[in-house]
Amino acid sequence: MKLYILADRLNKSLDEVFKAIEKLNLNIKSPEQNLTHEEVMEITKYFAEKRRFLFFILLWGYILSFLSAFSFLFKKRGYFYGVCTGVTVFTFVAINAPNQSNEIAVTDTTTTSTTTTTVPSTNVETSIFITDDTPTTTTTTTTTTTVPPSTTTTVPPTTTTTVPPSTTTTTTTTTVPPSTTTTTTTTTVPPTTTTTTTVPPTTTTTTTTTTTTTTTTTTTTTTTTTLAPTDILVNGSFENYDGNSIANNSAVQFSNSSVSGWTNQSLDETVSRPIEIWESGHRGVSSVEGTHHLELNSTNLSSIYQDVSVSPGDEISWSFWHRGRSGTDTVGFYLGAPGSEAEIGQYSTGFSWTEYSGSYTVPSGVTTLRVRFKDINSAGKNSLGHLMDDIKLINNY
């Protein structure tokens, strides 16, 4: 409904309506502006409450005028004259007062009266459902046709025509194997009362909404690969080195770069030491694995290490063979992140090869594991001590 039509139905000027709009804080700027249902109801309620207030003021005025006239003449002429005069004054004020009825009739899109022509909204809805025995995609198409309210025309009440209610329902069913298609069209014309035989032109708006539902199946495949236990230590039997072969019953000292995997240092880990490798049978000591083994203290008390790649949580099985050279030697065994190795244990051995073993779980955050052996005590002191062979670090993953 446009603003100027509402003002006309409320019997108010546009200025009065705009003052009400300003008090109600509504966003309405033009008399031609179409109002929402909520805006129509707010404006109507405002004037209804205002008229109700004025009604009580007038009623109070009527009563005061009656009482004043009655009181005046009652004192002058008596009871009968007071009542007659009061009724006369009350009647005169009531007849000459403006019409302040508190009933306000505002019609919207479907309201009819003896002076209003209304064409109600007509909704046509079509629904199509497609089904099959196999999983399919369901498509629902809804077409809505809305005929908005027509223009209001006022004619004399003598030309009244009544159109009785009518309802038309058409149902069409078509079967196409292997799917079933059902189309239902329902047209409903609600009861309409009109006061004229002339129906003004109407505007038809067609809105088509298509909803498509697609079902997507996602398959996730998880593959778990179990790795076989692997020795991740390099050159644990000291068989690989760069240089000439070691002669029978002899030993050779190599630089760290010449022996793959290993680095030998002083006990304080600040000075490099050469790596001394013995040929099996040297000084009457046979190797445990292969034909070579290590003497830890090459030129002085030493500490040898190797770094390997791991993952947090890996289960490590470790083992090594140890023998004293000149008597009972004690070696320390360490595992951990480089620079933060923890002592696993100290192992003392005399003149016979002895194997030591255990297990270790890689801590969280550690991806490089350092294996270190360090002289704790040696019978020969200084450059003599600690024969080692067949060192293993098995990652069980």
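Residues numbered from 1 in each chain as written. Predicted model: local features only at pLDDT ≥ 70, side-chain atom pairs only at ≥ 80, totals over all residues. Heavy atoms only, no water.

Draft legend 1. Representation of the environment of Thr349 in the model. Turning to its location among the elements, Thr349 is positioned in strand β16 (residues 342–349). Residue Thr349 is classed as buried on the basis of its relative accessible area, which comes to 3%. Discounting chain neighbours no more than four positions away, the residues touching Thr349 are His322, Arg323, Gly324, Gly327, Thr328, Asp329, Thr354 and Tyr356. A polar contact of 2.7 Å, which involves the side chain of Thr349, links it to the side chain of His322. (Helix = DSSP H or I, 4+ residues; strand = E, 2+ residues; numbered from the N terminus. Buried < 20%, exposed > 50% of the residue type's maximum accessible area, 1.4 Å probe, protein only. Contact = heavy atoms within 4.5 Å. Polar contact = N/O pair within 3.5 Å; in protein donor to acceptor, adjacent residues only side chain to side chain.)

Draft legend 2. Quick look at a nonpolar patch on the surface. Nonpolar side chains collect at one region of the surface, where Phe56, Leu59, Trp60, Ile63, Leu64 and Leu67 lie side by side and expose about 570 Å² of accessible area between them. One can find Leu59 in helix α3 (residues 37–76). Overall, the relative accessible area of 32% leaves Leu59 in the partly exposed class. (Patch = residues over 30% accessible without salt bridge, like charges linked within 9 Å, V, L, I, M, F, W, Y side chains within 5 Å. Areas by Shrake-Rupley, 256 points an atom, 1.4 Å probe, with all protein chains shown as cover. Salt bridge = Lys/Arg side-chain N within 4 Å of Asp/Glu carboxyl O.)

Draft legend 3. Spotlight on the side chain of Arg372. With respect to the element layout, Arg372 can be found in strand β18 (residues 368–377). By relative accessible area, Arg372 is classed as buried at 1%. Reaching out from Arg372, the side chain makes a polar contact with the side chain of Gln265 at a distance of 3.2 Å. Side-chain polar atoms of Arg372 contact the side chain of Glu341, separated by 2.9 Å. With near-sequence residues (within four places) excluded, Arg372 lies in contact with Gln265, Glu269, Ser303, Ile304, Tyr305, Gly332, Phe333, Tyr334 and Glu341.

Draft legend 4. View of the pattern of salt bridges. Tallied over the entire structure, the rule returns 5 salt bridges. Residue Glu269 is joined to Lys374 by a salt bridge in which the shortest nitrogen-to-oxygen separation is 3.6 Å. Taken together, the residues Glu269 in the loop between β10 (263–266) and β11 (275–279) and Lys374 in strand β18 connect sequence positions 105 residues apart. Residue Lys374 is classed as buried on the basis of its relative accessible area of 18%. The shortest N-O distance in the salt bridge between Arg370 and Asp307 comes to 2.7 Å. Here the residue Arg370 occupies a position in strand β18, and Asp307 occupies one in strand β13 (residues 302–309), the gap between them amounting to 63 residues. When its relative accessible area of 14% is taken as the criterion, Arg370 is described as buried.

Draft legend 5. Seen up close, the sheet that holds β10. If you walk across this open sheet you meet the 5 strands as β10-β13-β18-β15-β16, and the pairing is antiparallel. Because the sheet does not close on itself, it has two edges, and the strands there are β10 and β16. Pairs of neighbouring strands in the sheet enclose a mean axial angle of 25 degrees, with direction left out of account. With 7 bridges connecting them, strand β15 (residues 329–336) and β18 associate as antiparallel partners. Following the sheet pairing, Thr330 is matched in β18 by Asn377. (Pairing = 2+ DSSP bridges. Axes fitted to C-alpha atoms, helices over the stretch in contact; angles between N-to-C directions.)

Draft legend 6. Just the packing of aromatic side chains, in detail. Applying the stated criterion across every chain, the model contains 12 aromatic pairs. Plain terms: the ring middles of Phe320 and Tyr347 are 5.6 Å apart, the flat faces sit at 75 degrees to each other, and that makes the pair edge-to-face. With Phe320 in strand β14 (residues 315–323) and Tyr347 in strand β16, this pair connects stretches of sequence that are 27 residues apart. Assigned by exposure class, Phe320 and Tyr347 land together as buried. When the ring centre of Tyr305 is taken as origin, the NZ or CZ atom of Arg370, which lies over that ring, is 4.0 Å away. Directly above the aromatic system of Tyr334 lies the positively charged group of Lys374, at a separation of 5.4 Å from the ring centroid. (Phe/Tyr/Trp six-rings, centres within 6.5 Å; stacked < 30°, edge-to-face > 60°. Lys NZ or Arg CZ within 6 Å of the ring centre and 35° of its normal.)

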